[in-house]
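Structural features, examined
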6 protein chains.
Amino acid sequence: MNAEAKKSSNSFTIMNELVLPNDTNVFGNLMGGRLMYWMDIAAGIAAGKHCNAPSMTASVDNISFKTPIKLGNVVHIEAKVCRAFTTSMEIHLKVWGEDLLHQYKYESNEAYFTFVALDPNGKPREVPPLIPETEDEIRLYEGALRRRQIRLILAGKMKPDDALELKALFNL
Amino acid sequence: MNAEAKKSSNSFTIMNELVLPNDTNVFGNLMGGRLMYWMDIAAGIAAGKHCNAPSMTASVDNISFKTPIKLGNVVHIEAKVCRAFTTSMEIHLKVWGEDLLHQYKYESNEAYFTFVALDPNGKPREVPPLIPETEDEIRLYEGALRRRQIRLILAGKMKPDDALELKALFNL
Amino acid sequence: MNAEAKKSSNSFTIMNELVLPNDTNVFGNLMGGRLMYWMDIAAGIAAGKHCNAPSMTASVDNISFKTPIKLGNVVHIEAKVCRAFTTSMEIHLKVWGEDLLHQYKYESNEAYFTFVALDPNGKPREVPPLIPETEDEIRLYEGALRRRQIRLILAGKMKPDDALELKALFNL
Amino acid sequence: MNAEAKKSSNSFTIMNELVLPNDTNVFGNLMGGRLMYWMDIAAGIAAGKHCNAPSMTASVDNISFKTPIKLGNVVHIEAKVCRAFTTSMEIHLKVWGEDLLHQYKYESNEAYFTFVALDPNGKPREVPPLIPETEDEIRLYEGALRRRQIRLILAGKMKPDDALELKALFNL
Amino acid sequence: MNAEAKKSSNSFTIMNELVLPNDTNVFGNLMGGRLMYWMDIAAGIAAGKHCNAPSMTASVDNISFKTPIKLGNVVHIEAKVCRAFTTSMEIHLKVWGEDLLHQYKYESNEAYFTFVALDPNGKPREVPPLIPETEDEIRLYEGALRRRQIRLILAGKMKPDDALELKALFNL
Amino acid sequence: MNAEAKKSSNSFTIMNELVLPNDTNVFGNLMGGRLMYWMDIAAGIAAGKHCNAPSMTASVDNISFKTPIKLGNVVHIEAKVCRAFTTSMEIHLKVWGEDLLHQYKYESNEAYFTFVALDPNGKPREVPPLIPETEDEIRLYEGALRRRQIRLILAGKMKPDDALELKALFNL
């Protein structure tokens, strides 16, 4: 493909959804699975904006749900590709709940999804490199290598000893 | 209520959705009803941001669907309150389709929804006045009176002769 | 096509739906977007009965929601083609809510949807002319020209001065 | 309750639905479960019109699906209470598929649903007697006893020897 | 086809679903139609495991709903092919509700669905014979003939006098 | 609470779902978000069986999607609580795709969800301890501490140096 590099901001995607009764558990809180469904759609749109090709979810990193989002509140999702590898893209997502009646916006979670781009035969294809610009984008870009090593180790595809970036996490 | 006036930009809401098989007709085009469902959610979120109260759809102005949005494309909706009346708000929506594979974004339609704010007993309640700022917001703000007269005439609540703003449209 | 004219009654379509939790807002009232979704399906079936071809929503006229329809109530929709133009059809819809427990049926709204018929390549194709029969059908048939002029003006495709039918509305 | 008897026609309910992609199996035919979902809603509306109380499905008689309904076709359901017992109602349903493009309407199936009316505590409550009027309604009314005996035998609540109406079926 | 016989246990399928708000009526009880939708999916999976071909619902026997399943409870469905005929399969389903908070599991209903296997042209195709093994499977296998006669009589395809198996039910 | 310990097998939950058109992307592959929605439901049922209390998703560990599951295939999910902490439970999930036509079952992914039990006020409450029995259950039970340390470090609630279990992973 040899595609031209693209800026991180190019893939920026905003999604707003309303929490309806069927999205909630007995406490009237948004179910985690429903939220991940929306996050996956948002991540997929961001990935598509970057690679201009069909793509699909390859992996999802650890997600920790902080504050439950209530029935009738708004789910606000922001997604952005933070690094491109040969055929895959790491997408960073931030999720907030928003109680419009009390003008109160609260963090729900932060996550990293990895999508792989596909050619018309469904085989992985190259994606354009990513250029981070803001301080925040650069921080996400640099952390991507470390997160990728965790993924490879957890998937049994890399030996912990070879994970140089990750070892830094343990100050070794 | 006697609420403080709010800026138009305060209610700005972005929504992105993916067109899935069940959203489409036999041609693989997004059905108008499904699109209006999403537009109503987006308009409701914008209204909630402005009035910080529950609100519901009072009316929808003429919508003309220009270009059909295809299966697998993204629906991009932008909504913003463009004028507040005593207990109601007019929300302006712009809708685009986006073909990520071909990096092609096209206008689908433009619409005006009117929402009314409700108190805990379900009765209309006052909403804060709206302050337009940009040239575009001022144009939408000023056109709102004319559109309101069309609505009142069409609903049989105003005599055409009293619709001064509207008459201007006919250069009378 | 040169199709044989059809009666208005030929396209008459009845739809009944039950308002379920996910169709409602925090007040337990049917959301406008969900109702428009059902109206679009009903209008599409009526259009299909008239033109016997695939068709899609071209425009929706001003809709004013009078009485909210409550959770657990029935939505009763009646749709009928009221006029055919070269490749498009205007469909008239009436919507009632029905509280079966209290044997209480109430008007929700009235609307006009315009559908365009499509050939296998997705291009507009001719539709059969429409023959109104009852007094009501004739009234709807005659008003269709005026509503069409409003649509064309609102879509910027007709100058107000050329809208002869519409000018009658303002007693000019 | 001591309620006044009601005519069969009073509960007549028509439902039209469009078969969308998610309603179909790999052959593009409407799935039986999705159709039964719609039939249950239609039967519940008919039951509600008769008893003006909440009611729920008590049983469904043998359903035989004749002709599959295709993707994009219309499902046309007609439901009517055909007999009322002390606290329950038998509803007769007829279902057609309709191919609007070829103006072809075909029978899909015929079914009997039994609903029981409930008081505010969820206990069975009396329903008004039913008055059949047309020849067809009288035939359905009279067959209801026989079908009820089949139900009671199949549910193990009646001994076959006591099913006098049913024995007639076997010419004994 | 001349396929090798398969054991009943080979098609055993378990399904667990959570009753969400939109699945319930005003009493917070699972609607019969929604349950039949799930049962149809479970029966279809069991049928597919037996015949390894696409298949579709041909008929559903009398279903009697005993105890309503409450909002937030679990629906537990078990399905198993109990007899194979030339091109069709009878599937036995048992359904329980499960209140996890009170560790209380209760029977909801038992049902028989008949599915027919289809070749790539949508025509019925042969299915493998079924071998029952346990006492329960043998009892279901033997009862299948009798249930089939009821179906054929109810569908008007068999005269009651020819239903030898069914007559045994009436001790004649 | 002081609850009695429960076996791991007590929470074992099986779920089977059919991949329908709306669950898939343009390649006809199950979307990751839809799969995570089902996994969350299955994990929630397993958690409920263990703690007999309402519970909600607290976190989801890294998930790596191996083989895409195709339209029309079956999704087979198995969930089981593998360790209980004071107020939370770690649930292990295994997911397979199943192509019934070709009798081919393939691994899709493996995941760990953490649910927290809630009292009627929505505050965390104690859950019963878990007793692993089989070799596999003991292995999962023992790995749970290490996975918990990864979660705490990733959530910024534990210093890497304190993660003794995790350090073993790096052979330090």
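Please refer to the structure higher up on the page.
Residues numbered from 1 in each chain as written. Chains lettered and ligands numbered in written order. Predicted model: local features only at pLDDT ≥ 70, side-chain atom pairs only at ≥ 80, totals over all residues. Heavy atoms only, no water.

**Overview of the arrangement of the chains**
- There is no contact between chain A and chain D; across them, the least C-alpha separation is 17 Å.
- Chain B shows no contact with chain E. Their nearest C-alpha atoms sit 17 Å apart. (Contact = heavy atoms within 4.5 Å.)

**Overview of the packing of helix 1 (residues 32-51) of chain D against helix 1 (residues 32-51) of chain E**
- One way to put it is that helix 1 of chain D packs onto helix 1 of chain E with a least axis distance of 8 Å and a crossing angle of 175 degrees. The pairing of helix 1 of chain D with helix 1 of chain E is recorded here as roughly antiparallel in orientation. Residue-level inspection shows Gly-32, Gly-33, Arg-34, Met-36, Tyr-37 and Asp-40 of chain D of helix 1 of chain D in contact with helix 1 of chain E, the latter providing Gly-32, Gly-33, Arg-34, Met-36, Tyr-37 and Asp-40 of chain E.
- In terms of residue class, the contact of helix 1 of chain D with helix 1 of chain E is made up of four nonpolar, four polar and four charged. (Axes fitted to C-alpha atoms, helices over the stretch in contact; angles between N-to-C directions. Helix = DSSP H or I, 4+ residues; strand = E, 2+ residues; numbered from the N terminus. Parallel < 35°, antiparallel > 145°, perpendicular 65-115°, else oblique. Nonpolar A, V, L, I, M, F, W, Y, C, P; charged D, E, K, R; others polar.)

**Quick notes on the relation of the copies chain C and chain B**
- The two copies are related by a screw operation: chain C maps onto chain B through 180 degrees of rotation and 0.0 Å of translation along the axis, at an RMSD of 0.0 Å. Expressed as an axis order, the relation between the two copies is that of a two-fold axis. No C-alpha of chain C approaches the rotation axis more nearly than that of Asn-62 of chain C, which lies at 2.3 Å.
- Of the interface residues in chain C, 100% have counterparts in chain B that sit at the interface too, so the contact is made through matching surfaces. (Least-squares fit on C-alpha atoms with pLDDT ≥ 70 in both.)

**A word on the interface of chain D and chain C**
- Listed by partner, the interface residues are 21 residues for chain D and 21 residues for chain C.
- Here chain D and chain C share an interface that buries about 1,800 Å² over both sides, 63% of which is from carbon and sulfur atoms.
- Considering only the side of chain D, the residues that lose the most area to chain C are Asn-16, Asn-52 and Leu-100 of chain D, jointly responsible for 28% of the buried surface there.
- The interface formed by chain D and chain C holds zero salt bridges in total.
- Seen at the junction of chain D and chain C, the total is four residue pairs in polar contact (both at pLDDT 80 or more).
- Of all the secondary-structure elements, those providing two or more residues to the side of chain D that touches chain C are strand 2 (13-18) and helix 1 of chain D.
- With six residues, the single largest contributor to the side of chain D that touches chain C is strand 2 of chain D.
- In the side of chain D that touches chain C, the residues fall into 12 nonpolar, five polar and four charged. (Buried area = accessible area lost by both parts, 1.4 Å probe. Salt bridge = Lys/Arg side-chain N within 4 Å of Asp/Glu carboxyl O. Polar contact = N/O pair within 3.5 Å; in protein donor to acceptor, adjacent residues only side chain to side chain.)

**Let's talk about the pairing of strand 3 (residues 55-60) of chain A**
- For strand 3 of chain A, a buried count of five out of six residues is recorded, marking the element as mostly surrounded by other parts of the structure.
- The pairing of strand 3 of chain A with strand 4 (residues 63-64) of chain F spans two bridges and is classified as antiparallel. Counted as the bridge partner of Ser-59 of chain A is Ser-64 of chain F from strand 4 of chain F. (Buried < 20%, exposed > 50% of the residue type's maximum accessible area, 1.4 Å probe, protein only. Pairing = 2+ DSSP bridges.)

**Examining the relation of the copies chain D and chain C**
- With an RMSD of 0.0 Å, chain D superimposes on chain C once it is rotated by 180 degrees and translated 0.0 Å along the axis.
- An overlap of 100% is found between the interface residues of chain D and their copies at the interface of chain C, pointing to a shared contact surface.

**Comments concerning the sheet that holds strand 5 (residues 74-84) of chain A**
- Read across the open sheet, the six strands follow the order 2(A)-5(A)-6(A)-7(A)-3(A)-4(F); overall the sheet is antiparallel. Every other strand in the sheet has two partners, leaving strand 2 (13-18) of chain A together with strand 4 of chain F as the edge strands with one partner each.
- Sheet topology places strand 3 of chain A next to strand 7 (residues 104-117) of chain A; five bridges connect them, and they run antiparallel. The partner of Ser-59 of chain A across the bridge, within strand 7 of chain A, is Thr-114 of chain A.
- Here helix 1 (residues 32-51) of chain B sits on the sheet in contact with strand 2, strand 5 and strand 6 (88-99) of chain A, set at roughly 85 degrees to strand 2 of chain A.

**With respect to the interface of chain C and chain B**
- With 41 residues of chain C at the interface, the matching set in chain B holds 41 residues.
- Across the chain C/chain B interface, buried area totals approximately 3,300 Å², and carbon plus sulfur atoms make up 71% of it.
- Counting every contact that joins chain C to chain B gives zero salt bridges.
- On the surface where chain C and chain B come into contact, there are eight residue pairs in polar contact (both at pLDDT 80 or more).
- Of all elements in the fold, only helix 1 (32-51), strand 3 (55-60), strand 4 (63-64), helix 2 (135-154) and helix 3 (164-169) of chain C reach the threshold of two or more residues within the side of chain C that touches chain B.
- Among the elements that take part in the side of chain C that touches chain B, helix 1 of chain C stands out by supplying seven residues, more than any other.
- Classifying every residue of the side of chain C that touches chain B by side-chain character gives 24 nonpolar, 11 polar and six charged.

**Quick word on the sheet that holds strand 7 (residues 104-117) of chain E**
- With antiparallel pairing, the six strands of this open sheet are ordered in space as 4(D)-3(E)-7(E)-6(E)-5(E)-2(E). The sheet terminates laterally at strand 4 (63-64) of chain D together with strand 2 (13-18) of chain E, the two strands that pair on one side only.
- Along the sheet face, helix 2 (residues 135-154) of chain E touches strand 3 (55-60), strand 5 (74-84), strand 6 (88-99) and strand 7 of chain E and points at about 80 degrees away from the line of strand 5 of chain E.
- Each of strand 2, strand 5 and strand 6 of chain E is contacted by helix 1 (residues 32-51) of chain F, which is oriented at about 85 degrees to strand 2 of chain E, the strand it contacts most.

**So, the environment of Cys-82 of chain F**
Residues and elements named next belong to chain F.
- You can see Cys-82 is positioned in strand 5 (residues 74-84).
- C-alpha separation for the pair Cys-82 and Leu-35, spaced 47 residues apart in sequence, amounts to 21 Å.
- Once residues within four sequence positions are removed from consideration, Cys-82 is found in contact with Glu-90, Ile-91, His-92, Tyr-112, Leu-130, Leu-140, Tyr-141 and Arg-147.

**With respect to the side chain of Asp-119 of chain B**
- Structurally, the position occupied by Asp-119 of chain B is in the loop between strand 7 (104-117) and strand 8 (130-131).
- Among buried charged residues, Asp-119 of chain B stands out as having no salt bridge; its nearest opposite-charge side chain is Arg-125 of chain B, 7.0 Å away.
- Polar contacts involving the side chain of Asp-119 of chain B include one to the main-chain amide nitrogen of Asn-121 of chain B, which spans 2.8 Å.
- In this view, Asp-119 of chain B contacts Arg-125 of chain B together with Phe-27 of chain C; residues no more than four positions away in its chain are not counted. (Lys, Arg positive; Asp, Glu negative; His and termini not counted.)

Purely geometric numbers; function is a separate question.
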